[in-house]
Amino acid sequence: MPVEGAKPLFAVSPRRGRYPEFRRRRMAHLAVACLAALPLAAALRLAHPLRAPPPSARATEPDLATLKASLLAAARQFKAAQMAKWEAEARGAAVEAAEAAEGGVAQASERIRSPLQAEAFGNVELGYDGALGVWRNQTIELLEALAARNPTPAPLEGWRTSECKLDGTWRLLFTTGADATFRPTKSGGRPVTFQHIDARKGYFINSVDFPLTEGKLKGFRVVVKGIKLSNNEVSLKFKRVKLLRRSRLAKTVILPLPPNWLLRSVARWASRGKAQLSRRGAGFQILYLDDELRAHKTFDGQYFLQQRCRYKYK
């Protein structure tokens, strides 16, 4: 029973009792102010619309056809600069001094020469002067840009069947590998370098022909077994070399090759330790593949660009 004159246990001050009403009025005033500001904000947007940056300020990428055309043009310019360098060497020019003076890179000297007339025996990169280096770098840059737009993410799908897209004959357009580069000579003429892929049997056949010469060596084939590692990587095992000769008696001479580890050891010795040899061994990663072009980078770091062709393979 309440006692007269006693204070309640939970008294509420008059100010606190009026606070909810004050808060409701304040929120109502804010809402009215926001609604009143909406027409002004719309008017400001109309007066100062957001404009898109001009086309020149936006990064534009070339279409695939333009990129491929630029890559092929750069590869041709690289080949022309390479021929000019070889002609200068034939005239006895001081090529090594020019390479050093013009910001180029001299090719590593080797203890032995390639028995198949390549620029190098081991896996070393081609030497280049300033002019050749410009086209080399530009070709690699365009090749990498093309690789970023590869339409075939699994180029080795169907390997060891006739359905693999790699199957066929491919002409070499560009490479940084000296052991896959052949210069014209008086005895051998201008070489034709290509690769035949037998996907069903699992072989890459590196081929060089000397059709415009009457020398004994008509051409040769290096038979390489391809072992699929993933949908875009393959390991290589070199099996044999087949020499094609202009002779009545022995038109074909087949030479078996030693194991890969021995070949790479000889390459390291021949290059005085300067050969670019990956610990992964021989093999490559396919960077790009469509119906016309293919590009790959070896585990040793060398680039190759090839184009499908109708060259008669034998």
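Here, every reference points to the structure presented above.
This report concerns the structure included in the present document. Given the structure is predicted, the values throughout are model-derived calculations rather than measurements. (Residues numbered from 1 in each chain as written. Predicted model: local features only at pLDDT ≥ 70, side-chain atom pairs only at ≥ 80, totals over all residues. Heavy atoms only, no water.)

### A word on helix H4 (residues 130-147)
For an α-helix, the turn length of 3.6 residues means that residues three or four places apart are oriented alike. Here H4 contains 18 residues, and its C-alpha end-to-end distance of 26 Å stays within 8% of the 26 Å for a straight helix at 1.5 Å per residue. If you check which residues of H4 are buried, you get Gly130, Leu132, Gly133, Arg136, Thr139, Ile140, Leu142, Leu143, Leu146 and Ala147. (Helix = DSSP H or I, 4+ residues; strand = E, 2+ residues; numbered from the N terminus. Expected span 1.5 Å × (residues − 1). Buried < 20%, exposed > 50% of the residue type's maximum accessible area, 1.4 Å probe, protein only.)

### Things to note about unusual backbone geometry
Not every positive phi belongs to a glycine, and Arg160 is a case in point at roughly 75°. Assignment of secondary structure puts Arg160 in the loop between H4 and strand S1 (168-175).

### Thoughts on the environment of Cys164
Along the chain, Cys164 falls in the loop between H4 and S1. A residue is classified by how much of its surface remains accessible, and Cys164, at 4% relative accessible area, is buried. Once the C-alpha coordinates of Cys164 and Ala154 are considered, the two residues, 10 residues apart in sequence, prove to be 9.9 Å apart. In this structure, Cys164 is in contact with Pro155, Leu156, Glu157, Gly158, Trp159 and Ala199, ignoring residues within four places of it in sequence. (Contact = heavy atoms within 4.5 Å.)

### Focus: the pattern of salt bridges
Considering all chains together, one arrives at 7 salt bridges under this definition. Where salt bridges share partners, they join Lys68, Asp290 and Glu292 into one cluster. (Salt bridge = Lys/Arg side-chain N within 4 Å of Asp/Glu carboxyl O.)

### Structural notes on the nonpolar core
Counting 23 residues, the largest nonpolar core has Trp159, Leu166, Phe204, Phe220 and Leu236 as the members making the most contacts within it. For this core, the leading source of residues is strand S5 (residues 233-245), giving 4 residues. Residue contacts for Leu236: discarding those within four places in its chain leaves Phe204, Val224, Lys225, Gly226, Asn260, Ala282, Gly283 and Phe284. Within the second largest apolar cluster, 22 residues are counted, among which are Leu72, Ala75, Leu132 and Phe174. (Core = buried A, V, L, I, M, F, W, Y, C linked by side-chain atoms within 4.5 Å.)

### Quick word on empty space enclosed by the protein
Evaluation of the coordinates by the stated rule reveals 1 cavity of 30 Å³ or more. Around the largest cavity, the lining residues are Phe78, Glu125, Leu126, Gly127, Tyr128, Leu132, Arg136, Thr175 and Thr176. Grouping the constituent residues of the lining of the largest cavity by class yields 4 nonpolar, 3 polar and 2 charged. (1 Å grid on protein atoms, 1.4 Å probe; cavity = no way out; pocket = protein on both sides within 12 Å on 5 of 7 lines; lining within 4 Å. Points joined across faces, edges and corners; volume = space filled by probe spheres on them. Nonpolar A, V, L, I, M, F, W, Y, C, P; charged D, E, K, R; others polar.)

### Considerations on the packing of aromatic side chains
One pass over the structure, following the stated rule, counts 4 aromatic pairs. Judged by centre distance (5.8 Å) and plane angle (55°), the ring pair of Phe182 and Phe220 falls under tilted. With Phe182 in the loop between S1 and strand S2 (192-198) and Phe220 in strand S4 (residues 217-228), the pair connects residues that are 38 residues apart, well separated along the chain. A residue is classified by how much of its surface remains accessible, and Phe182, at 9% relative accessible area, is buried. Seen from their ring centres, Phe204 and Phe284 are 5.4 Å apart, and the 80° between their planes marks the pair as edge-to-face. You can see Phe204 sitting in strand S3 (residues 203-209) and its partner Phe284 sitting in strand S7 (residues 283-289), a full 80 residues away along the chain. (Phe/Tyr/Trp six-rings, centres within 6.5 Å; stacked < 30°, edge-to-face > 60°.)

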